[in-house]
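The residues making up each chain are set out below.
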Amino acid sequence: MFKGLLLGFVGALFWGVTFAVIFRMLLYFRGTQGIGNLLSAKLLGMAFVTFLMILVLSNVITALSTFFLSEDLELVAAAPVDPGTVYGARLMETILDSSWMVALLAVPLLAAYGVVYAASVAYYALALGAVVPFLVIPAVVGSATTLLLVNVFPARRTRDLLALIGLFAAAGLLALLRFVRPERLMRPEEFRNLVDFMAVLRTPTSPWLPSEWVAEALMSYLNGRFDPFPLLLLWSTAAAFVVLGAGLHRRYYRDGFSRAQEGAERRDGRGRSRRLERALARLGPGTRGVVAKEVRTFFRDTTQWSQLILLGVLVVVYVYNISVLPLYTGERVSFLLINVVSFLNLGLAGFVVAAIAARFVFPAMSVEGRMMWLLRSSPLDVRALFWSKYWVGTVPLLVVALPLIVVTNLVLDASPLILTLTTLTMVGMTFALTALALGLGALYPKYDTENVAEIPTSFGGLLFMMSAVIYLAGVVALEGWPVYLFLQSRLSSSDGAMSVLPLVLGVSGAAVLTAVATWLPLRAGVRHVRAMEP
Amino acid sequence: MKGSTDGGSGGGVVATGAPEAREGGGRDGNGSGPMLELSGVRKQYGDFVAVKGLDLRAKRGEIFGFLGPNGAGKTTTIRMVAGVLRPTGGRILIGGIDIDVDPEGAKAKVGYIPDRPYLYEKLSGGEFLRFVAGLWGWGAAEADARADRLLELFDLADWKDELIESYSHGMRQKVLISSALIHQPELIVVDEPMVGLDPRSARLLKDLLRTFVAEGGTVFLSTHTLEVAEALCDRIAIIHEGEIIASGTMDDLRAQAEAGGAHLEEIFLKVTGGDVMADVIASLRGAV
């Protein structure tokens, strides 16, 4: 009940915000004389091109599971079922698994177009009619790509390769999007250039892509001159692709599936083992074992360590964002504003740490699901297990968090007091966020998943991010306001003693909140794991 | 080494931490009470009672077999003894230590081999064994030496540094068995010991278990393979619908089932509803 309500609330909030943003943009475009419709069409085309890219990539990855690695496939392979039927069923599963997120994103987007253009119900039916074949085409392309890849490389290697390609693509896209500084487009003088740019590109940018056909079909209807040709193109292409995909499946699937069953290659891990063990020599045998195991399994799992690439880009982009803040345009802004920004920076940097904790610390107990037989039957206390996992999470997070806060404060030219206070607070925040992630990860585990990357997107992951945001807001509020008062009193040369008390109270309050946020989730997690029946 | 029937079993690999072993005792050693004692052990899942008040004792230096049809409560009992599940009621004593009162102390004496060989795929066999030894508080050097000997014994020495993800089912099972032996337990708890093993390894395991009990250790095993139970176990308990319906040596069981000279299979079928089984077999013959 609580879970349903929370998910419903977050979903509705997300839809509402997306709808509002697009609605606002479309209204703005429509108000632009002459080229408003063209801009709206461009926006729709761009949105669907992005969807198309995401869908192809996500279908390639999903098809690897649905067609080759899923555990029920052995039964399917042994059953006397027509390959065409298997292809149809698995393609459907691939579409559902890979496209639900894009489909959900498309709802507020298309609804905003419908509302701004005051479209009738027929528009929504048309939208559905256009989106369905649009989802089928990349699913066929994605699964055919996977089929060919698996026939060349073993499936388990392909999965690693795809994880890497996907992450590099995402990291590249993120960096590119950020470094072109899209916010400049919202300034009128820049917008003039955009209009010129759009005007030059009156012809469709990619007439061969299904994304363009969706945009054309919908925009022609919204502009009152419905052209059925793009819709026909979508459906006929989807149908032809399915037939072609089924043909490829008949021809190559058996070989590919057979190859996918081959074991992973042998690898030597000995040299690394010794170094790691020597480095951990001071720890007790149990703790050393758990820590060494955590480090090894992380760095040997491509789907895990490769996320560090994305993390690196995230941190660079964050520091870059801070450095391009328009604080130094023209006149130098006040000392006070810089310090206020420093506290906002503390909250945001804390959010970055929370996001990293969600990726790497939150799944820590879930990944032990199948190994609970060993951990529970061993004399290792659950608390010791938690502490090992806690430090394995905290130390790397501190390595990211501390330079992040120090560098951004230096970029902001914050005062020594702020630098010291925010750095110390960041240490506390990292302790608390790791505990929250580990504790909630143990309270809401996903023991049955094969893909670790899915764990942070679960209900528990969402709950963790929400708790983290509430905690961060609490700390920033408790410290930010008294610090502001303190600095203001010092600036106005009034009695400093009056503002020291709130500062002490605020910092103490934040420390208590941090201690509670560290202790409570860890205790609840330990109790839960002790009481659980694996 | 005492009681070893296979020259390849390797001296000292299965040495137990049992007091008898240290004192040079043997089978039916004069330890202070039973190694494993269950009194009134119950396990309930919601309304369903899986285990209904079990009482049993396994002595030091014996292999105690636990048999029963599917869903009888064998694995639940095994998992409670291994400390994975907590009983809803009753007491489990391991070497005189109540597992509920001092779980760490009790678990330190147990080596557990579950029926499904789930292992850390991204660790090598050698690393996994060192990890397990660490959980039981063993230092790296001694754990390494024992891991080497166990892997050698199971023909896995060449695979020691390969990741477990590249192991076959049987190889995983061997790593699992090694992991239960590496910390020199006093009690080995095994759920379906022979699953996935080739004949040589199955034979090796039987010899290992026999050697282990000869050194003063205790084995508590559940199996479906009645020949294994008959050949290996000193005493057997048959569990049906959560209750022990027969227990004792083979002779005791024959007497209880009034089946003089019968094999364990016949006794098992008789006490677990063999009449119904006979009807089922007859109808199956008609069907196929």
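Residues numbered from 1 in each chain as written. Chains lettered and ligands numbered in written order. Predicted model: local features only at pLDDT ≥ 70, side-chain atom pairs only at ≥ 80, totals over all residues.

**Q** Just give me the short version of the overall build of chain B, but keep the residues and values in it.
**A** Helix and strand counts for chain B come out as 11 helices and 10 strands. Counting all 288 residues of chain B, 51% fall into the buried class. Here the analysis covers contacts within chain B between residues at least 6 apart in sequence; of these, 72% occur between residues at least 24 apart. (Helix = DSSP H or I, 4+ residues; strand = E, 2+ residues; numbered from the N terminus. Buried ≥ 20, exposed ≤ 12 C-beta atoms within 10 Å, placed from the backbone. Contact = placed C-beta atoms within 7 Å.)

**Q** Now, about the overall build of chain A: what can you tell me, with residues and values included?
**A** For chain A, the count of helices and strands is 19 helices and 0 strands. Counting only residues that meet the buried cut, chain A has 37% of its 534 residues in that class.

**Q** Give me the lowdown on the interface of chain A and chain B, citing residues and values where you can.
**A** Facing the 31 residues of chain A at the interface are 31 residues of chain B. Elements supplying a minimum of two residues to the side of chain A that touches chain B: α10 (270-279), α11 (285-300) and α15 (372-377) of chain A. The greatest single-element share of the side of chain A that touches chain B, amounting to 8 residues, is contributed by α11(A). By residue class, the composition of the side of chain A that touches chain B is 8 nonpolar, 8 polar and 15 charged. (Nonpolar A, V, L, I, M, F, W, Y, C, P; charged D, E, K, R; others polar.)

**Q** Describe in detail helix α10 (residues 264-271) of chain B, supporting the description with residues and values.
**A** Among the residues of α10(B), B:L264, B:I267, B:F268, B:L269 and B:K270 are the ones counted as buried. At the C-terminal side of α10(B), B:G273 shows a positive phi close to 95 degrees.

**Q** Tell me about the packing of helix α4 (residues 83-116) of chain A against helix α5 (residues 121-152) of chain A, residues and numbers included.
**A** Residue and element names in this part refer to chain A. Axis separation between α4 and α5 bottoms out at 9 Å; the angle between their running directions is 145 degrees. The two elements α4 and α5 cross, and the hand of that crossing is right-handed. The segment α4 lies against α5, with L91, T94, I95, S98, S99, A103, A106, L110 and G114 engaging Y123, Y124, A127, V131, L135, V136, A139, V140 and S143. Split into classes, the residues belonging to the contact of α4 with α5 amount to 13 nonpolar, 5 polar and no charged. (Axes fitted to C-alpha atoms, helices over the stretch in contact; angles between N-to-C directions. Left-handed = near helix turned anticlockwise from the far one by under 90°.)

**Q** I'd love a proper account of the pairing of strand β1 (residues 36-45) of chain B, names of residues and values included.
**A** The side chains of a regular strand alternate, first on one face of the sheet and then on the other. Residue and element names in this part refer to chain B. Pairing of β1 with strand β2 (residues 48-58) involves 8 bridges; the strand directions are antiparallel. Within the sheet, the bridge partner assigned to R42 lies in β2 and is K52. The hairpin formed by β1 and β2 contains 2 residues between the paired strands, and G46 there has a positive phi angle of roughly 65 degrees. (Pairing = 2+ DSSP bridges.)

**Q** Describe the sheet that holds strand β3 (residues 63-67) of chain B, and please don't skip the residues or the numbers.
**A** Residues and elements named next belong to chain B. Sheet architecture is open: 6 strands sit in the order β6-β7-β8-β3-β9-β10, paired in mixed fashion. Of all strands in the sheet, those with a lone pairing partner are β6 (110-113) and β10 (243-248), marking the two edges. Strand-to-strand twist in this sheet, taken as the mean axis angle between neighbours without regard to direction, amounts to 15 degrees. Examined bridge by bridge, strand β9 (residues 235-240) and β10 share 5 bridges and lie antiparallel to one another. Directly across from I239, in β10, lies its bridge partner I244.

**Q** Provide a residue-level description of the sheet that holds strand β4 (residues 89-94) of chain B, including the pertinent values.
**A** All names here are of chain B. Across the sheet, 4 strands lie side by side as β2-β1-β4-β5; this open sheet has antiparallel pairing. Pairing within the sheet leaves two strands with one partner each, and these edge strands are β2 and β5 (97-98). As paired strands, β4 and β5 are joined by 2 bridges and run antiparallel to one another. Within β5, the position partnered with L93 by the bridge is D98.

**Q** Tell me about the environment of A:R259, and name the residues and values.
**A** Positionally, A:R259 belongs in helix α9 (residues 229-260). Look at A:R259 and you get partly exposed, because 16 C-beta atoms sit within 10 Å.

**Q** Please provide a residue-by-residue account of the packing of α11(A) against helix α16 (residues 382-412) of chain A, values included.
**A** All names here are of chain A. Orientation of α11 relative to α16, taken along the N-to-C sense of each, is 45 degrees, at an axis distance of 9 Å. When the axes of α11 and α16 are compared, the pair comes out oblique. Seen from above, α11 lies across α16 with right-handed handedness. Taking contact as the criterion, the partners of G286, T287, V290, V291 and E294 in α11 are, on α16, A384, L385, S388, K389 and V392. (Parallel < 35°, antiparallel > 145°, perpendicular 65-115°, else oblique.)

**Q** Give me the nonpolar core: which residues, what numbers.
**A** If you look at the biggest cluster of nonpolar residues, it comprises 148 residues, and the most contacted ones within it are A:A357, A:L436, A:A437, B:V189, B:V219 and B:F220. Of the residues forming this core, the biggest block, 12 residues, is contributed by helix α17 (residues 416-443) of chain A. B:V219 has contacts with B:I63, B:F64, B:I188, B:V190, B:L209, B:F212 and B:V213, leaving out every residue within four places of it along the chain. Counting residues in hydrophobic clusters, the runner-up holds 55 residues, among them A:A63, A:L110, A:A112 and A:V141. (Core = buried A, V, L, I, M, F, W, Y, C linked by C-beta atoms within 7 Å.)

**Q** Would you mind going over helix α4 (residues 125-135) of chain B in detail, with residue names and values included?
**A** Residues and elements named next belong to chain B. Counted residue by residue, α4 has 11 buried out of 11 residues, so it is predominantly covered. If you check which residues of α4 are buried, you get G125, G126, E127, F128, L129, R130, F131, V132, A133, G134 and L135. The positive-phi residue at the C-terminal boundary of α4 is G137, with phi of around 85 degrees.

**Q** Pulling in residues and values, what's your account of the confidence of the model for chain B?
**A** In low-pLDDT segments, the atomic positions of the prediction should not be examined closely. Residues and elements named next belong to chain B. Confidence in the prediction of chain B, expressed as mean pLDDT, is 82, and 82% of residues score 70 or more. Counted against residues more than four places away or in other chains, residues 19-30, with its pLDDT under 50, gives 26 contacts. In the predicted complex, the global pTM is 0.76; the interface-specific ipTM is 0.80. (pLDDT = per-residue confidence, 0-100.)

**Q** Requested: an account of the confidence of the model for chain A, with residues and values cited.
**A** Residue and element names in this part refer to chain A. Of all residues in chain A, 86% attain a pLDDT of 70 or more, and the chain-wide mean is 83. When mean pLDDT is taken per element in chain A, α17 scores highest with 94 and helix α7 (residues 188-200) scores lowest with 51. Segment residues 184-191: pLDDT under 50, and 4 contacts once partners within four positions in sequence are set aside and those in other chains are kept.

**Q** Let's hear about the environment of A:L6: which residues, and what values?
**A** If you trace the backbone, A:L6 turns up in helix α1 (residues 2-30). A sequence separation of 453 residues divides A:L6 from A:F459, and the C-alpha atoms of the two residues are 9.0 Å apart.

**Q** Any details on unusual backbone geometry? Residues and values, ideally.
**A** Residues and elements named next belong to chain B. If you check the backbone angles, D155 has positive phi at about 60 degrees while not being a glycine. Tracing the sequence through the fold places D155 in the loop between α5 (140-153) and α6 (169-181). Given 15 C-beta atoms within 10 Å, D155 falls into the partly exposed group. The backbone of E192 shows a phi angle near 55 degrees, a positive value even though the residue is not glycine. Locating E192 in the fold gives a position in the loop between β7 (187-191) and α7 (199-214). Owing to 20 C-beta atoms within 10 Å, E192 belongs among the buried residues under this scheme.

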